[in-house]
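The residues making up each chain are set out below.
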Amino acid sequence: MSDILRAATAWELQSMLAPYLEKEVPVEIIGSGSKSSIGRPMQTAATLSTASMHGIWMYEPTELVMSAQGGTPLVQIEAALASNNQMLAFEPTDLGPTSGGARGTQTIASVFACNSSGSRRVAIGAARDHLLGIEGVNGRGEVFRAGGRVMKNVTGYDLCRGIAGSWGTLAILTEVTFKVLPAPEKTATLVYHDLPDDIGVELMCSAMRLPYEVSGTVHLPKTVAGRLEQSSLANQGHSITALRIENFEKSVDYRAEAMREALKVYGDPTVVGSMNSMEFWNGLRHLSVMPYDEATCLWRVSTAPMMGPRVVSSIRRHMPAEVMYDWSGGLIWIEVPASADAGASDVRRAVAVHGGHATLIRADQSVRAAVEVFQPQSPLAERLMGGLKRVFDPMRMLNPGRMYANI
Amino acid sequence: MTLQMPQPDRVTLNRSEDIIADLKRIAGEEAVIADEDGRRTFETDGLTAYRAMPLAVVLPDTTDLVAEVLRYCHRERIKVVARGAGTSLCGGALPLEDAVVVGVSRMNKVLEIDYNSRIARVESGITNLAISNAVSGEGFFYAPDPSSQLACTLAGNLAMNSGGAHCLKYGVTTNNVLGAKVVLIDGEILELGGPHLDAEGYDLLGLMIGSEGQFGIITEATVRILRAAEGARPMLLGFASSEAAGACVSAIIATGIIPVAIEFMDRPAIEVCESFAKAGYPMDAEALLIVEVEGSEEEINDRLAQISCIAAAYNPTTIQVSSGATQSAKIWKGRKSAFGAIGRISDYYCMDGTIPLSRLPEVLRGISDICSAHQLRVANIFHAGDGNLHPLILYDANDPTSAERAELAGAEILSLCVEVGGCLTGEHGVGIEKRDLMLKQFSETELSLQMQIKSVFDPEWLLNPGKVFPLHLTVDAGTSNAA
């Protein structure tokens, strides 16, 4: 592991990068490093961090917009928003704790670089949907901007979307501008007990079909539910299916009742109030029910919601798997026993049959070197991705090989 | 009008008969329009001041046929302009004399609706409103709602990343699309995303949306459909000044209410729309807000009462809640037909800048000053919640100096939008209209990056050339720029 170079401004970052560009020696790009163990292992000569570039330089609560330096800790952003009763609506997932890193250390740029979206994604969009503008340094050492600070902007190509989710392989994000939203006045969670996976998923999909703006839907089978830190929701030996409603106080009360009635065939839910609800959903954000464990690997699978249980049954035919369903069943966190290939061929076969894609979030370095961590692409998509890489980073200086061998 | 298009390629024009014969052989006689009257239907789009007769028009009815046509054009180095319904307000679908127009209007089927996954898979030639109509029976809708939604196609919405009045709550096109089938210029078919909520690898779908028909032709898309709220109702708030209206919008958002739409009109716009739609707009107001909220009857009443309280601090001249479905429909009819209503009294040039809301009063003053200096009248319509401004500059198309002054005023207004921290276009796209202003917003390095991305998808720059980038920057594009 080489020293970590910490730039305080985009210009300093440019000059720190310059000698490496000159020698054509690639560098690893990190924020706080909370997700360093995710992705294919890389061969880099140095690590360049944006963590010293921090600070919120623009926040207009009435325009629902904030701009911050890339290295600003997410916790600082969220504290500033909370002081105005606002929030990042896509509630970014903290992949730190589950992948062996620290909890609550990620930077705002990394949230967008990894397009990290939590439970509210099902209702309100992903991280990439909230990104309005960026300033970055590309692999040629050029500083560039894209997007802006306004919510509607179709001037030129949509580079913000192109760069969100590229895991630092196209550009180093030195500044991000993003949309924020009011925090709800009240939160309630309807908790149903004891439903098998397929019925739990059906319940979640049914809830999303109602006009009550359900903003989170998760199903935790009994083993995983048993790991909940909170005794008020955990019910030892039983699965839980949780539906979140958020709004003004009177609306939440009305909607909770309307949903209980509309979904009564699934049983009588416990209605959990704001404090316990927020603790529960916050725990999920940090993947507290999928804790770091060297004996297991963790997959993240994205599929059509109703396909979730089928993907899981296919995988379980080959290996034991503990799972958590989010996004009405469309996002599944799957913990499997550690092995030389983390079960990659069976996981990817299940996804090939039922649709979607799989990413290996936690596995030993040797495993991540041996299997594709990110979902393999069609030859055509691979060619286009390679073309984009060549535009932004022709010498493959930034996080080379982290997503794909040729990227 | 003042914008130049690239010189047509003589060699291609001289081959036009052969090209038409080839296209008929590939796509069938009935899918190719080659006669002069037929082609004239396609010579312009919503930016009617500019016209060009295309070499030929092809209207394929399958993705495979689109692929064959593009493969042929690519092999023969013939330019291609993709077209949906031709409602672009920025010349995005303007043909070129040496280009083949490939229209997707015959591909308009709904292929699959899955209410559990909340998606619809449709062919891209379907109109925007037809998607909502296909799912409204189950209480669902497709959220982006450009004013032209009755006519415009999803293909055009995807190309321009279209918005609409209800984006404040539901986002624009890119936030409501999960997958697409795209034909690239060499005829290869690219499948992106699907019914799942995030796509793998780089966000090629995100890049494709808003690429103005320059990366490929989208023939199918998987869009998100949403369950509609129990009900929705607008209210009208009239104010003595646009400053007061702007401040009221900020105050509403500051309390944590996100209405589903907040529309702003100034006095000239109010007058024209009211005489057209008889919606009950207040004629004594300098600025009008249409604020719509959603929910159950009780929730709507609560929320509108709360908004009335907030508005009271800004001395409204009118506070009027819609009396019911009929009036709500009229209120929206007035707003959605604003462009048409103004078109009945004058030619107009519709601008589309976005600004930070806090700069509204100074920008409106600036717009008024710019138009006065050019001896033109202007009416302003504004998606106030998200800062998207539509000044409509009134001019006389029969007076060339008036038209020229309108273009000049428009360019000055958009420059002002960029200066205050906004952008050139919020939802209409760059097309030819704002092409030459791109350097106001981007550096040459930034435009060069964008142009290189274009080259990744279309190395020879055959797809919709002459748009988006200033012409002088694209002289060598498609040759030395090829990635």
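This structure is a prediction, so every number in the text was calculated from the model and none was measured.

Now for the pattern of salt bridges. Considering all chains together, one arrives at 56 salt bridges over all chains under this definition. Residue Glu 246 of chain A is joined to Arg 244 of chain A by a salt bridge in which the shortest nitrogen-to-oxygen separation is 3.8 Å. Each member of the pair, Glu 246 of chain A as well as Arg 244 of chain A, carries the same accessibility label: buried. Across the pair Glu 188 of chain B and Arg 383 of chain A runs a salt bridge, and its minimum N-O distance is 2.6 Å. Of the two residues, Glu 188 of chain B sits in the loop between strand E8 (177-183) and strand E9 (189-193) while Arg 383 of chain A sits in helix H14 (residues 379-392), which places them in two different chains. Its relative accessible area of 31% is what places Glu 188 of chain B among the partly exposed residues.

Take the sheet that holds strand E7 (residues 131-138) of chain A next. All names here are of chain A. If you trace the five strands from one edge of the open sheet to the other, you get E4-E5-E9-E7-E8, paired in antiparallel fashion. Looking at strand neighbours, the two that pair on one side only are strand E4 (56-60) and strand E8 (143-147), the edges of this open sheet. Here the average twist between neighbouring strands, direction ignored, is 15°. Here five bridges tie strand E5 (residues 65-69) to strand E9 (residues 171-179), and the two strands are oriented antiparallel to one another.

Before going further, it helps to examine the environment of Asp 61 of chain B. All names here are of chain B. Among the secondary structure elements, Asp 61 is positioned in the loop between strand E2 (56-58) and helix H4 (63-75). Here Asp 61 falls in the partly exposed class, since its relative accessible area comes to 33%. Put simply, Asp 61 and Ala 27 are 34 residues apart on the chain and 9.1 Å apart in space, counted from C-alpha to C-alpha. Residues in contact with Asp 61, not counting those within four places in the same chain, are Arg 106, Met 107 and Glu 123.

For helix H9 (residues 249-262) of chain A, spanning 14 residues, the distance from its first C-alpha to its last is 20 Å, which sits close to the expected 20 Å at 1.5 Å a residue. Among the residues of H9 of chain A, those classed as buried are Ser 251, Val 252, Arg 255, Ala 256, Ala 258 and Met 259 of chain A. Buried residues along H9 of chain A sit against strand E11 (186-193), helix H7 (197-208), strand E12 (214-220) and strand E13 (240-247) of chain A together with strand E14 (287-295) and helix H11 (297-312) of chain B.

Before going further, it helps to spend a moment on the interface of chain B and chain A. Facing the 90 residues of chain B at the interface are 74 residues of chain A. Roughly 6700 Å² of surface becomes buried between chain B and chain A when both sides are summed, with 58% attributable to carbon and sulfur atoms. Between chain B and chain A we count 10 salt bridges in total. We note a salt bridge from Asp 386 of chain B to Lys 152 of chain A, for which the minimum N-O separation is 3.7 Å. At the level of elements, helix H7 (167-170), E9, helix H8 (204-208), helix H9 (242-254), H11, helix H16 (438-441) and helix H17 (444-457) of chain B are the ones that each hand at least two residues to the side of chain B that touches chain A. Within the side of chain B that touches chain A, the residues separate by chemical class into 37 nonpolar, 33 polar and 20 charged.

Turning to helix H12 (residues 344-354) of chain A, a few remarks are in order. The set of residues buried in H12 of chain A consists of Ala 344, Asp 346, Val 347, Arg 348, Ala 350 and Val 351 of chain A. Summarising the contacts, the buried residues of H12 of chain A are in contact with strand E15 (296-302), helix H11 (308-316) and strand E18 (357-362) of chain A.

All names here are of chain B. Considering all chains together, one arrives at 15 aromatic pairs over all chains under this definition. Ring centres of Tyr 115 and Phe 140 lie 5.0 Å apart, and the angle between their planes is 55°; on these two criteria the pair is classed as tilted. Highlighted residues: Tyr 115 in the loop between strand E5 (110-114) and strand E6 (119-123) and Phe 140 in strand E7 (residues 140-141), separated in sequence by 25 residues. We note that Tyr 115, like Phe 140, is buried.

Here we come to the packing of helix H14 (residues 360-373) of chain B against helix H15 (residues 400-419) of chain B. Residues and elements named next belong to chain B. Where H14 meets H15, the axes come as close as 10 Å, and the angle between the chain directions of the two elements is 160°. By the angle class used here, H14 and H15 are roughly antiparallel. Here H14 runs over H15; the crossing is right-handed. Contact with H14, carried on its side by Val 363, Gly 366, Ile 367, Ile 370 and Cys 371, involves Ala 409, Glu 412, Ile 413 and Leu 416 of H15 and no other residues of that element.

Core analysis: the biggest nonpolar cluster contains 219 residues, and Phe 178, Leu 243, Met 259 and Phe 280 of chain A together with Leu 289 and Ile 393 of chain B have the highest contact counts within it. With near-sequence residues (within four places) excluded, Met 259 of chain A lies in contact with Leu 190, Tyr 192, Ala 207, Leu 210, Tyr 212, Val 214, Leu 243 and Ile 245 of chain A.

Residues and elements named next belong to chain B. The phi dihedral of Trp 461 is positive, around 55°, even though this residue is not glycine. Of note, Trp 461 is situated in the segment after H17. Trp 461 sits in the buried class, given a relative accessible area of 8%. A positive phi is found at Val 468, a non-glycine position, where the angle reads about 70°. Its place among the elements puts Val 468 in the segment after H17.

The next point concerns the side chain of Thr 219 of chain B. Residues and elements named next belong to chain B. Of note, Thr 219 is situated in strand E10 (residues 217-224). There is a polar contact of 2.9 Å between the side chain of Thr 219 and the side chain of Thr 63. With sequence-adjacent residues up to four places away left out, Thr 219 is seen in contact with Thr 63, Val 66, Met 107, Val 122, Glu 123, Ser 124, Lys 181 and Val 183.

Attention now moves to the environment of Ser 148 of chain B. Residue and element names in this part refer to chain B. Considering the arrangement of structural elements, one finds Ser 148 in the loop between E7 and helix H6 (154-160). According to the relative accessible area criterion, Ser 148 is partly exposed, its value standing at 27%. On a C-alpha basis, the gap between Ser 148 and Phe 339 in space is 9.7 Å, while along the polypeptide they are 191 residues apart.

All names here are of chain B. Overall, antiparallel pairing links the five strands, which are arranged E5-E6-E10-E8-E9 in an open sheet. Two strands in the sheet have a free side with no partner beyond their single neighbour: E5 and E9. With strand direction ignored, the average angle separating the axes of adjacent strands in the sheet is 10°.

About the cut-offs
Throughout, a residue's number is its position along its own chain's written sequence, starting from 1. Written order determines the labels here, with chains lettered from A and ligands numbered from 1. Only residues with pLDDT of at least 70 are given local features in this predicted model, and only at 80 or more are side-chain atom pairs given and counted; all residues enter the totals for whole chains, interfaces and linings. Side-chain metrics in this entry use all non-hydrogen atoms of the structure; hydrogen atoms and water are not considered. Salt bridge, as applied in this entry: a Lys or Arg side-chain nitrogen positioned within 4 Å of an Asp or Glu carboxyl oxygen. Per-residue accessibility, obtained with a 1.4 Å probe over protein chains only, is compared with the maximum for each type, and a residue is labelled buried under 20%, exposed over 50%, and partly exposed between these values. Only DSSP runs of H or I with at least four residues qualify as helices, and only runs of E with at least two residues qualify as strands; both kinds are numbered from the N terminus onward. DSSP calls a pair of strands paired once it identifies at least 2 bridges connecting them. Axis lines are fitted through C-alpha atoms, for helices just across the contact stretch, and the angle between N-to-C directions can take any value from 0 to 180 degrees. We call two residues contacting when some pair of their heavy atoms lies within 4.5 Å. Working rule for helices: expected span equals 1.5 Å times residues minus one. Note: buried area is the sum, over both parts, of the accessible area (probe 1.4 Å) each one loses when the two are combined. Each residue gets one label: Ala, Val, Leu, Ile, Met, Phe, Trp, Tyr, Cys and Pro are nonpolar, Asp, Glu, Lys and Arg are charged, and the others, such as Gly, are polar. Only centres within 6.5 Å qualify two rings of Phe, Tyr or Trp (six-membered ring in Trp) as a pair; their planes then separate them into stacked at under 30 degrees, edge-to-face at over 60, and tilted for everything else. An angle below 35 degrees is read as roughly parallel, one above 145 as roughly antiparallel, one from 65 to 115 as roughly perpendicular, and any other as oblique. Left-handed describes a crossing in which the near helix is turned anticlockwise from the far one by less than a right angle; the clockwise case is right-handed. Only buried Ala, Val, Leu, Ile, Met, Phe, Trp, Tyr and Cys residues count toward a nonpolar core, and they belong to the same one when joined by side-chain atoms within 4.5 Å. The definition of a polar contact used here is a pair of N or O atoms within 3.5 Å, where within protein one atom must be able to donate a hydrogen and the other to accept one, and adjacent residues in sequence count solely through side-chain atom pairs.

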